[in-house]
Amino acid sequence: MAAKDLKRAARRIDELRQLIRRHDHRYYVLADPEISDFDYDQLFSELEELERRYPHLQTPSSPTQRVAGGPLPGLDQVAHTVPMLSLDNSYSRDELEAWHARLCRELGRNPGGLAAELKIDGVSISLVYVDGRLDRAVTRGDGTVGDDVTANTRTIRQLPLEVDGLPPLIEIRGEVYLARSTLKALNRERREEGQREFANPRNAAAGAIRLLDSREASRRRLGVWCYQIARSEGYEEDSHVASLEWLSGLGFPVSPGLERCSGLGEVEAFIGSWEERRHDLDFDTDGIVVKVDSAAERTALGSTARSVRWAVAYKFPPEGRTTKLLDIIVQVGRTGVLTPVAVLAPVEVSGSTVSRATLHNFDEVTRLGVRVGDTVWVAKGGEVIPKVVGVVAAERRPDARPYAVPEECPECGTPVVREVEEVALRCPNPDCPAVVGARFRHFVARGAMEIEGLGGRLLEQLIENGLITDEASLWDLEVDSLAELPGWGELSANNLVNELEEARGRPLNRLLFAFGIPHVGERAAKLLARRFGSLEALAAVGPEEFEEVDGIGPVIAAAVAEWFANPRHQSLVTRLAERGVDPRMEIDDGGDRSLAGLIFVITGSLSRPRRELKEELEKMGASVAGSVSGKTSYLVAGENAGSKLARAQEIGVTVIDETELAKMLDG
Ligand code: ZN
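This is a predicted model, so every value here is computed, not measured.

Colleague: So, the overall build of the protein: which residues are in play, and what are the values?
Modeller: Broken down by element type, the protein carries 24 helices and 22 strands. Structurally, the protein occupies a C-alpha span of about 85 × 85 × 40 Å along its principal axes. Scored against the burial criterion, the 667 residues of the protein give a buried share of 48%. Here the contacts in the protein between residues at least 6 apart in sequence split such that 68% fall between residues at least 24 apart. Accessible surface computed for the protein: about 32,100 Å², of which carbon and sulfur atoms make up 48%. Charge-centre separation for the protein: the mean point of 82 positive side chains lies 2 Å from the mean point of 106 negative side chains.

Colleague: Can you explain the packing of aromatic side chains? Please cite residues and give values.
Modeller: Within the structure shown, the criterion is met by 14 aromatic pairs. Judged by centre distance (6.4 Å) and plane angle (55 degrees), the ring pair of F270 and W274 falls under tilted. You can see F270 and its partner W274 sitting in helix α9 (residues 264-277), four residues apart, about one turn around the helix. Each of the two residues, F270 as well as W274, counts as buried. Among the aromatic side chains, those forming a connected cluster through ring pairs are Y177, W225 and F283. When the ring centre of W274 is taken as reference, the NZ or CZ atom of R277 above it lies at 3.9 Å. One residue, R298, lies across the ring of W310, its end atom 4.1 Å from the ring centre.

Colleague: Quick one: what's the story with the coordination of the zinc ion, residue by residue and with numbers?
Modeller: Only C409 (SG), C412 (SG), C427 (SG) and C432 (SG) from the protein reach the zinc ion as donors, at distances of 2.3 to 2.4 Å. Viewed at the metal, the four donor atoms of the zinc ion are separated by angles of 99 to 117 degrees, and the geometry they form is tetrahedral. In terms of primary sequence, the donors binding the zinc ion are separated according to C-x2-C-x14-C-x4-C. Exposure remark for C427: the relative accessible area of 4% places this residue in the buried category.

Colleague: Residues and numbers for a negative patch on the surface, please.
Modeller: Taken together, the side chains of E478, D480, E484 and E490 define an acidic patch exposed on the protein surface. Mapped onto the secondary structure, E484 falls in the loop between α14 (479-483) and α15 (490-503).

Colleague: Break down the packing of helix α3 (residues 93-107) against α9 for me, citing the residues and quoting the values.
Modeller: At their nearest, the axes of α3 and α9 sit 11 Å apart, and the two run at 150 degrees to each other. Taken as axis vectors, α3 and α9 run roughly antiparallel relative to one another. Of the two elements, α3 crosses α9, and the hand of that crossing is right-handed. Here α3 contributes R93, L96, E97 and H100 to the contact with α9, which in turn contributes L264, V267, E268, I271, G272 and E275. Residue classes in the contact of α3 with α9 are distributed as four nonpolar, two polar and four charged.

Colleague: Tell me about the sheet that holds strand β20 (residues 623-625), and name the residues and values.
Modeller: Strand order in this open sheet of four strands is β20-β19-β21-β22, and the pairing throughout is parallel. Two strands close off the open sheet at either side, each with one partner strand: β20 and β22 (654-656). The mean inter-strand angle of the sheet, taken between neighbouring strand axes irrespective of direction, is 35 degrees. By the bridge criterion, three bridges tie strand β19 (residues 599-603) to β20 in an arrangement that is parallel. Directly across from V601, in β20, lies its bridge partner A625. Its contacts with the sheet place helix α23 (residues 643-651) against β19, β21 (634-637) and β22, and it is angled at close to 145 degrees to β21. Against the sheet, helix α24 (residues 658-665) touches β19, β21 and β22, its axis set at about 95 degrees to β22.

Colleague: Could you give an account of the environment of D588, with specific residues and numbers?
Modeller: Within the secondary structure, D588 is located in the loop between α21 (567-578) and β19. With residues up to four places along the chain from it excluded, the contact list for D588 reads R530 and R531.

Colleague: Outline the pairing of strand β3 (residues 114-120), listing residues and values.
Modeller: Here β3 lies mainly inside the structure; seven of its seven residues are buried. When β3 meets strand β9 (residues 259-261), the two strands line up antiparallel, connected through three bridges. Across the sheet, the residue bridging to A115 is R260, located in β9. The sheet contact formed by β3 and strand β10 (residues 285-292) spans seven bridges and is antiparallel. Of the residues in β10, the one forming a bridge with K119 is G287.

Colleague: Now, about the nonpolar core: what can you tell me, with residues and values included?
Modeller: L474 and F515 are the most contacted members of the largest nonpolar core, which has 52 residues in total. Considering every element that reaches this core, the biggest residue donor is helix α20 (residues 554-565), with seven residues. Apart from residues lying up to four places away in sequence, F515 is in contact with F443, L535, W563, L572 and L576. One finds L134, V176, L183 and L247 within the second-largest nonpolar core, a separate group that totals 33 residues.

Colleague: I'd like to hear about unusual backbone geometry, residue by residue, with values.
Modeller: It is generally the case that most residues other than glycine have a negative phi and that most peptide bonds are trans. Its identity is not glycine, yet H360 carries a phi of approximately 65 degrees, on the positive side. Note that H360 resides in the loop between β14 (352-358) and α11 (362-368). Phi is positive for N640, which is not a glycine, with a value near 55 degrees. Within the element layout of this structure, N640 appears in the loop between β21 and α23. With a relative accessible area of 73%, N640 lands in the exposed category.

Colleague: Talk me through the sheet that holds strand β11 (residues 307-315); I want residue IDs and the actual numbers.
Modeller: Strand order in this open sheet of five strands is β2-β11-β10-β3-β9, and the pairing throughout is mixed. The strands lining the two open edges of the sheet, one partner per strand, are β2 (86-90) and β9. Across the sheet, the axes of successive neighbouring strands diverge by a mean angle of 35 degrees, strand direction being ignored. Pairing between β2 and β11: four bridges, direction parallel. Along β11, the bridge assignment pairs S86 with S307.

Colleague: Can you explain the pattern of salt bridges? Please cite residues and give values.
Modeller: Scanning all chains against the criterion turns up 43 salt bridges. Among the ionic pairs, R12 bridges to E46, the shortest N-O distance being 2.7 Å. One end of the pair, R12, is in helix α1 (residues 3-29); the other, E46, is in helix α2 (residues 37-53), and 34 residues separate them in sequence. Relative accessible area serves as the criterion here: at 26%, R12 is assigned to the partly exposed category. E46 sits in the partly exposed class, given a relative accessible area of 31%.

Colleague: Tell me about the environment of R568, and name the residues and values.
Modeller: Turning to its location among the elements, R568 is positioned in helix α21. Considered as a pair, R568 and G336 are 232 residues apart in the sequence and their alpha carbons are 16 Å apart. Contacts of R568, omitting those with residues within four sequence positions, involve P430 and D431. One polar contact links R568 to D431, side chain to side chain, over a distance of 2.7 Å.

Cut-offs used in this document
- Residues numbered from 1 in each chain as written.
- Predicted model: local features only at pLDDT ≥ 70, side-chain atom pairs only at ≥ 80, totals over all residues.
- Heavy atoms only, no water.
- Helix = DSSP H or I, 4+ residues; strand = E, 2+ residues; numbered from the N terminus.
- Buried < 20%, exposed > 50% of the residue type's maximum accessible area, 1.4 Å probe, protein only.
- Contact = heavy atoms within 4.5 Å.
- Areas by Shrake-Rupley, 256 points an atom, 1.4 Å probe, with all protein chains shown as cover.
- Lys, Arg positive; Asp, Glu negative; His and termini not counted.
- Charge placed at Lys NZ, Arg CZ, Asp CG, Glu CD.
- Phe/Tyr/Trp six-rings, centres within 6.5 Å; stacked < 30°, edge-to-face > 60°.
- Lys NZ or Arg CZ within 6 Å of the ring centre and 35° of its normal.
- Donors = N, O, S within 2.8 Å, 3.2 Å for Na, K, Ca; no water.
- Tetrahedral: all angles 85-135°; square planar, octahedral: opposite > 155°, others 65-115°.
- Patch = residues over 30% accessible without salt bridge, like charges linked within 9 Å, V, L, I, M, F, W, Y side chains within 5 Å.
- Salt bridge = Lys/Arg side-chain N within 4 Å of Asp/Glu carboxyl O.
- Axes fitted to C-alpha atoms, helices over the stretch in contact; angles between N-to-C directions.
- Parallel < 35°, antiparallel > 145°, perpendicular 65-115°, else oblique.
- Left-handed = near helix turned anticlockwise from the far one by under 90°.
- Nonpolar A, V, L, I, M, F, W, Y, C, P; charged D, E, K, R; others polar.
- Pairing = 2+ DSSP bridges.
- Core = buried A, V, L, I, M, F, W, Y, C linked by side-chain atoms within 4.5 Å.
- Polar contact = N/O pair within 3.5 Å; in protein donor to acceptor, adjacent residues only side chain to side chain.

Honestly, it's all geometry; don't read function into it.
Written out as structure tokens, the structure is:
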């Protein structure tokens, strides 16, 4: 390969990175993309391809490097240089006026100007940029010490990792959040995977930013809004609003709805304008933050040990409507998870009548302190399923008794278990009628085995009549016995048997998903099916092998291994195979092919056998040739290299030594 090519590649890589950064900013910050997703993907994969071909041109702030490698053992604790103080809250216009009056007293006059911003309901974060690069991101923690969450913060696509025009050191404060639409999609996925759903975007964001695996964090699609410069070396600006506008101009996502107000009257108009409009935003807001605009005035006002005097949060009243909580019932899902559900006196919320609302889990019931008979706040908050968000304590009747968390499954009476690291309570009885029913419904659902002729009521009928006992027994169903069931006839019986016949051919990933293995959604099922190719192969390996699959974390790996180790499931797999349900899939071993297409020539004496190096290179997709030509990508030269080295230098082929080769082989 000629040096000319290398230079051209370096130039193109630089160009692509700038283009991608620009389009990221337009897409994630301005929500005004200039190019289609397809064109963006083209640019991205061109960059990935070039960085694969020229690994030494890779840099940590390249857009391809947002997601770092493996899981961290734990999060490091970091002390904040400037403490992250909290804000005092005010709940009425009167309290806001009292705060303002105190300001005027302290300053001896009205402040020069105020800034009003939306208060985003997320997780506060400190972002330190050194020489224009994101150096460290730390959670608020207790305000003095927080967790180092740099790896996960890098996955936030809204946030620029490298910025031209920043001073040598700057610390920016922001709020990490999860969009309502993202939470909705995430909860849908989690429902499918039999995982606990998040109660609200803030909980989900708080969990995601502290995940130990940034690949998983990246899947949560977090966002961030910057709202403050905490310190800087080499940037001076008295006005807070002007400093945020400056950040915005540099490409930072800045808190939307920012406004400079001349006085309290304008702040109140700002509050009024957002009181309703905020519900149309795709993220949760719980109030307005009012700040003194001038840095000099802020310094004069100072802070207490806990909070700053120059800013205050005005909190909106809770969303939704109030109604009476008539009862708390418990539903049992496919994996045995018990979910508390509120039965309500019907009330209209966001355009529809609501008489049931989720309480998520029993910890949430305890957190809310909700009792049967209470008046409660019910809201939809961007989700389909309404939820109980609060209790009107003043209206509690003296005889309302605290809710007792169930100790037994309401369907089968088996004592419930609380699993380690899980908030959920579970019925461990695999024969629990609620669990069996839900499991069958999942097995035949869309995306799983997709047997449309088996709606919920028909399934129940088959279970009740003892015609089906496990998933494999579906293929024992016969037209004659089905046709005799009340409501069935020859035709519908025939249709179902034909449909089951056809379902034998569903691909392995669909069957794997249909099993309803905890944490295994459609995506994980696909990855596992492609890598192992058959149920037999999946049953034969342990969690370590599952974890080697890109995209499969330790939690999924352990769950899959546990599922296949269960004698009950082993017998199910055998019984399915006996009935011709044993799909196979072509195997893709998913190994590292990052050197694909490169041609190496090896010469001179090296510390390792040439045959060994050749094998390793080929495993990663490269080929090894005997002589140097214009097509050669790299010449690996050991000691006493002779004519091949001379030839390579003559025609401009890149020459590397053994150490550089080892680096490439390590990926
Ligand atoms: Zn049960």
